[in-house]
Amino acid sequence: MSLVRRMLLLPALLVLAALSPAHAGVANAPGANLEVSLVTYGPGETYWERFGHDAIELRDTVSGEAVNFNYGVFDFNEKNFLLNFARGRMHYLMDAAPSDADERYYVEAGRSITRQRLALTAAQSAALRDFLLWNLRPENAGYAYDYYVDNCTTRVRDALDKALGGMLATQLKAHAGDMTYRQQTVRLMSAQPWLMLLLDLGLGPYADQPLDAWQESFLPDVLQTQLREVRLDDGHGGRRPLVLDEQLVSPNRLQAPPSTAPDLRLPLALAGLLLAALIVLARRRWPTGYALLGTLYLLAAGVTGLLLLALWTLTTHHSAWANANLLLFNPLAFALLPTLWRARRGLAASRFIDGVIALQLLACMAAVLLHLLPGTVQQNQPWLLFALPCWLALVWSLRRRQ
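Residues numbered from 1 in each chain as written. Predicted model: local features only at pLDDT ≥ 70, side-chain atom pairs only at ≥ 80, totals over all residues. Heavy atoms only, no water.

Colleague: Explain the overall build of the chain to me, and be specific about the residues and the numbers.
Modeller: From N to C terminus, the chain includes 17 helices and nine strands. For the chain, the spread of C-alpha atoms along the three principal axes comes to 90 × 45 × 35 Å. Counting every position in the chain, which comprises 402 residues, the buried fraction comes to 50%. A separation of at least 24 residues holds for 78% of the contacts in the chain among residues at least 6 apart in sequence. Accessible area of the chain: about 18600 Å², with a carbon and sulfur share of 63%. (Helix = DSSP H or I, 4+ residues; strand = E, 2+ residues; numbered from the N terminus. Buried < 20%, exposed > 50% of the residue type's maximum accessible area, 1.4 Å probe, protein only. Contact = heavy atoms within 4.5 Å. Areas by Shrake-Rupley, 256 points an atom, 1.4 Å probe, with all protein chains shown as cover.)

Take a look at the structure:
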């Protein structure tokens, strides 16, 4: 969703200087001369581009000057960038650039560009311009980024809503959304399956709450679609559309994401059954292979559990908190590794390990029961279907007496 600029394309100070009162154009044009558009860019190929991007375009119809304002700039060279990213403390910036420069970048990247011209009044257009120029100042440009509730699209949406006097929020909150945060994330990341699976595994129940249209418009393409349905008071008791016209400036040349989220239940269930079957067969016919397969699963389960626990307790990634997958993948798995290799030689588990096994089975049962509770619960069926056969196969093999 975000945009990595080659450090800021036009640093905020330079933009403010260019848009000074001495320069005839967007900065000092009367509101009646300002044309406001939402510009939506399609998803890119890199993982941070998969959600798409958007900007507010202000065009002075007299001078012809057009400037795009967007909220999606970050800098890989920022001090402690990767550490802050891991902790959920991402620092993003607002930026502005001439519209034609922005368009050239996205055309070259093969990403679609759609422009929706909006029916703002002269006063609303001027107020929006003044707010964006204020927001562009270096002391105001930064913000704490959140993938779902405070990102480059929600900032654009909120700026438009502010100019419209809250009418956008009022109408969108009255309608239910089509998908959850999880479904939208899996849908848009499906072109990169391993990353899609990791994100789905790491998302907690927060990602499964029902959304209204306002919340779901955290995505550029959803906001674009929602604006088509917004109606404004025309001042004569009637209603007029917010979107005056919509233009496809440049078509998409990349693989488009699917319209619905892929169903992960069958693939992960089959993967779990296959791994469980291999563990059982290897236990009988190839003890070393059995130990290697079991070690691979237990190490993966333990490391995953540590990561999920760290996301919950050490970061501000609230979408990963209280993840029920911790019951399926947790550090208890490490305690079973020595017993696994002793089982290869036909040695039985100790009473302590029997207790660990029983605790893990109880954790799996709790994960199933949590999923069956009424109300909004974590939609982790794919991981239940994957983990349960594997744990049952390992439990059977570890407790088997020779």
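Colleague: I'd love a proper account of the pattern of salt bridges, names of residues and values included.
Modeller: Two side chains bearing opposite charge may form a pair once their charged atoms approach each other closely. Summed over all chains, the structure comprises 15 salt bridges. A salt bridge links Glu49 to Arg111; the nearest nitrogen and oxygen atoms lie 3.6 Å apart. Of the two residues, Glu49 sits in the loop between strand E1 (34–41) and strand E2 (53–60) while Arg111 sits in the loop between helix H3 (99–109) and strand E5 (113–118), which places them 62 residues apart along the sequence. Exposure class is identical for Glu49 and Arg111. Each is buried. Between Arg104 and Asp100 there is a salt bridge whose closest N-O contact spans 4.0 Å. With a gap of four residues between them, Arg104 and Asp100 both fall in helix H3, about one helical turn apart. Here the salt bridges do not stand alone but share partners, grouping Glu35, Glu57, Arg59, Glu103 and Arg115 into one network. (Salt bridge = Lys/Arg side-chain N within 4 Å of Asp/Glu carboxyl O.)

Colleague: Can you explain a nonpolar patch on the surface? Please cite residues and give values.
Modeller: On the surface, a cluster of nonpolar side chains totalling about 320 Å² of accessible area is made up of Leu266, Leu270 and Leu273. Assignment of secondary structure puts Leu266 in helix H12 (residues 265–285). Of the residues examined, Leu266 reaches a relative accessible area of 58% and is grouped as exposed. (Patch = residues over 30% accessible without salt bridge, like charges linked within 9 Å, V, L, I, M, F, W, Y side chains within 5 Å.)

Colleague: Tell me about the sheet that holds strand E6 (residues 142–145), and name the residues and values.
Modeller: As a general point, the strands of a sheet are linked pairwise by backbone hydrogen bonds and lie either parallel or antiparallel. Spatially, E6-E4-E3-E2-E1-E5-E9 is the arrangement adopted by the seven strands of the open sheet, whose pairing is antiparallel. Every interior strand has two partners, whereas the edge strands, E6 and strand E9 (243–250), have only one. If you compare each strand with its neighbour and ignore which way they point, the axes differ by 25° on average. Bridge count for E5 against E9 is six bridges, and the pairing is antiparallel. (Pairing = 2+ DSSP bridges. Axes fitted to C-alpha atoms, helices over the stretch in contact; angles between N-to-C directions.)

Colleague: So what's going on with the nonpolar core? Which residues, and what values?
Modeller: When a protein is soluble and globular, its nonpolar side chains tend to lie buried together. Membership of the largest hydrophobic core comes to 48 residues, with the highest contact counts inside it found for Tyr297, Leu298, Phe329 and Trp391. Mapped onto this core, the elements with two or more residues apiece are helix H8 (181–189), helix H9 (193–202), H12, helix H13 (287–313), helix H15 (337–343), helix H16 (351–372) and helix H17 (381–399). At 10 residues, H17 tops the list of elements feeding residues into this core. Filtering out sequence-adjacent residues up to four positions away, Leu298 remains in contact with Ala333, Phe334, Leu336, Leu337, Leu340, Trp391 and Leu394. Membership of the second largest hydrophobic core comes to 42 residues, among which are Ile56, Leu120, Leu136 and Leu227. (Core = buried A, V, L, I, M, F, W, Y, C linked by side-chain atoms within 4.5 Å.)

Colleague: So what about the packing of aromatic side chains? Which residues, and what values?
Modeller: Throughout the structure, instances matching the rule amount to 19 aromatic pairs. Ring centres of Tyr41 and Tyr106 lie 3.8 Å apart, and the angle between their planes is 10°; this geometry places the pair in the stacked category. One end of the pair, Tyr41, is in strand E1; the other, Tyr106, is in helix H3, and 65 residues separate them in sequence. Each of the two residues, Tyr41 as well as Tyr106, counts as buried. Three or more aromatic residues joined by ring pairs make a cluster, and in this case those are Tyr47, Trp48, Tyr71, Phe74, Tyr92, Tyr143, Tyr145 and Tyr147. Here Arg157 stacks its cationic end above the ring of Trp214, 3.7 Å away from the centre of that ring. Note that Arg283 overlies the ring of Tyr290, its terminal NZ or CZ placed 5.3 Å from the centroid. (Phe/Tyr/Trp six-rings, centres within 6.5 Å; stacked < 30°, edge-to-face > 60°. Lys NZ or Arg CZ within 6 Å of the ring centre and 35° of its normal.)

Colleague: Help me get a handle on the packing of H12 against H17, residues and values and all.
Modeller: In contact at an axis separation of 7 Å, H12 and H17 are set at 10° when each is read in the N-to-C sense. Regarding the angle of H12 to H17, the classification is roughly parallel. For the pair H12 and H17, contact is made by Arg265, Leu268, Ala269, Ala271, Gly272, Leu273, Leu275, Ala276, Ile279, Val280, Arg283 and Arg284 and by Gln381, Pro382, Trp383, Leu385, Phe386, Pro389, Cys390, Ala393, Leu394, Trp396 and Ser397, respectively. Split by residue class, the contact of H12 with H17 holds 17 nonpolar, three polar and three charged. (Parallel < 35°, antiparallel > 145°, perpendicular 65-115°, else oblique. Nonpolar A, V, L, I, M, F, W, Y, C, P; charged D, E, K, R; others polar.)

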